[in-house]
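# Results of the structural survey
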Amino acid sequence: KAVVSTQSTGGLPKAAQLKHYTQSSSHPGLHSASLPGILCLDLLPSSKRTVTGGADRNIVVFDKEAEKIICTLKGHTKKVTNVVAHPNEKTVISGSPDTHVRIWDVEEENCKHTLRIHDGPVTGLSLHPTGDYMLSCSADQHWGFSDISTGKLLCKVADQSVSHGLTCCQFHPDGLIFGTGTSDSLVKIWDFKEQKSAANFPGHSGPISAIAFSENGYYLATSADDEVVKLWDLRKLRNFKTISLDDKYTVRGLTFDNSGHYLAVSGPDVRVYQISKQCDLVVTWDSHTQDSTDVRFGPDVSYVASVSNDRTLKFYSAN
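Rules and cut-offs
- Residues numbered from 1 in each chain as written.
- Predicted model: local features only at pLDDT ≥ 70, side-chain atom pairs only at ≥ 80, totals over all residues.
- Heavy atoms only, no water.
- Helix = DSSP H or I, 4+ residues; strand = E, 2+ residues; numbered from the N terminus.
- Rg over C-alpha atoms; globule rule 2.2 N^0.38 Å.
- Buried < 20%, exposed > 50% of the residue type's maximum accessible area, 1.4 Å probe, protein only.
- Contact = heavy atoms within 4.5 Å.
- Areas by Shrake-Rupley, 256 points an atom, 1.4 Å probe, with all protein chains shown as cover.
- Lys, Arg positive; Asp, Glu negative; His and termini not counted.
- Charge placed at Lys NZ, Arg CZ, Asp CG, Glu CD.
- Pairing = 2+ DSSP bridges.
- Axes fitted to C-alpha atoms, helices over the stretch in contact; angles between N-to-C directions.
- Polar contact = N/O pair within 3.5 Å; in protein donor to acceptor, adjacent residues only side chain to side chain.
- Core = buried A, V, L, I, M, F, W, Y, C linked by side-chain atoms within 4.5 Å.
- Phe/Tyr/Trp six-rings, centres within 6.5 Å; stacked < 30°, edge-to-face > 60°.

This part is about the overall build of the chain. When its secondary structure is counted, the chain shows one helix and 28 strands. Relative to a compact globule of 319 residues, whose C-alpha radius of gyration would be 20 Å, the chain shows 18 Å and is just as compact. The principal-axis extent of the C-alpha atoms belonging to the chain is close to 50 × 45 × 35 Å. Expressed as a percentage of its 319 residues, the buried residues of the chain come to 56%. In the chain, of all internal contacts separated by at least 6 residues, the share reaching a separation of at least 24 is 44%. When the accessible surface of the chain is split by element, carbon and sulfur atoms take 45% of a total near 13,300 Å². Taking the average place of the 32 positive charges on the side chains of the chain and the average place of its 35 negative ones, the gap between the two points comes to 1 Å.

As structure tokens, this is what we get:
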């Protein structure tokens, strides 16, 4: 069973406050206009920097407070679909349909390691809670576990039970289990030490588009090409809430805030739900002109950040 942590909610805004968050800034100049679209997002928590990956094959580190680009990292030969910002503030990890995972040094603005561990597009990346290792998954039906400091592959495992590629992955906060999604609608929980499946969560239809664990370890949120978000209680291994979305709503990203009180969803708009029995919709922002591809909460939900195919990075806050 998962070991969970307890998170303080002292600094969190209440739903009534979050409801009044509005767009506080918008940044269209981070990625190329000739190959428009920002496809993924992560935050470097302490320095208030964002990391974005684009259709232009670049990764951009942006300073939210100074409102300037810190560096642009180039090396992928196809679009960048996954980025992970390491808590050490110096390391960024990226994945691409070019089949490569790259580990970057932000200060030196260069690629430290290029990991050629997959035979198909890299579809997911997740940092192990220790910060020393990284999980990757691919359309080649394999997940891999690699050492970040050396760039060495430690193990690579095929999901023998399916004939479909993996679409996303994320470590549970305890580092002992992780989840994967497949292109044939299955969500699977893996026992990392045993390298075996521990539980399956069926119920979606279509490829799994996103999965997210809450930081307290209790909940898993999942989405697919079926206009719903499912919430699972990991203590009881059951689906306790299915959130029905609008017609033709394609979820592109899911993320919990650090307390597990809020869940953000990106797609045709950006929206935040309060995690409870009802899972009420708190706020919706529709300022992107195309689908939002990813979303993140700032520390203690002090702001929310989103990116989009419209080439903008937007921030929402109490102003």
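Take the sheet that holds strand β28 (residues 313-317) next. Hydrogen bonding along the main chain pairs the strands of a sheet, whether they run parallel or antiparallel. The four strands are arranged β1-β28-β27-β26 in an open sheet whose pairing can be described as antiparallel. If you trace the sheet from one side to the other, it starts and ends with β1 (22-27) and β26 (292-297), each paired once. This sheet shows a mean twist of 20° between the axes of neighbouring strands, independent of strand direction. Relative to strand β27 (residues 304-308), β26 runs antiparallel, the two being bridged by five bridges. Its bridge partner being in β27, Arg 296 is matched across the sheet by Ala 305.

Glancing now at the side chain of Ser 146. Examined against the element boundaries, Ser 146 turns out to sit in strand β12 (residues 142-147). For Ser 146, a relative accessible area of 0% corresponds to the buried category. Residues contacting Ser 146, with those up to four places away along its chain left out, are Leu 115, Ile 117, Asp 132, Tyr 133, Met 134, Lys 152, Leu 153 and Leu 154.

With respect to the helices and strands, Lys 188 occurs in strand β16 (residues 187-191). Distance from Lys 188 to Ala 199, taken between C-alpha atoms, is 5.9 Å for residues 11 residues apart in sequence. One polar contact links Lys 188 to Asp 159, side chain to side chain, over a distance of 2.9 Å.

Our focus in this paragraph is unusual backbone geometry. Of note, the phi angle at Ser 185 is positive, near 80°, even though the residue is not glycine. Following the sequence through the fold, Ser 185 ends up in the loop between β15 (177-182) and β16.

Quick look at the nonpolar core now. The biggest cluster of nonpolar side chains holds 17 residues, and the ones touching the most others in it are Val 229, Leu 231, Leu 254, Phe 256, Leu 263 and Val 265. Those elements that provide at least two residues to this core are β18 (208-213), β19 (219-224), β20 (228-233), β22 (253-256) and β23 (262-266). For Val 229, the contacting residues outside a window of four places in its chain are Ala 221, Thr 222, Ser 223, Lys 241, Thr 242, Ile 243, Leu 245, Val 251, Leu 254, Leu 263 and Val 265. Formed by 15 residues, the second largest nonpolar core is a distinct cluster that contains Tyr 262, Val 295, Val 301 and Val 304.

Our focus in this paragraph is the packing of aromatic side chains. Going through the model one piece at a time under the given rule, you end up with 15 aromatic pairs. A ring pair is formed by Phe 145 and Phe 171, whose centres lie 6.1 Å apart and whose planes are at 70°; its orientation type is edge-to-face. Linking Phe 145 in strand β12 with Phe 171 in strand β14 (residues 166-171), this pair joins segments that are 26 residues apart in sequence. Here Phe 145 falls in the buried class, since its relative accessible area comes to 6%.

Counting buried residues in strand β10 (residues 122-127) gives five out of six residues, a clear majority hidden from the surface. Across five bridges, β10 lies against strand β11 (residues 133-138) in antiparallel orientation. Bridged to Ser 126 within β11 is Leu 135. If you look at the hairpin formed by β10 and β11, you'll find five residues sitting between the two strands, and Gly 131 has a positive phi there, around 80°.

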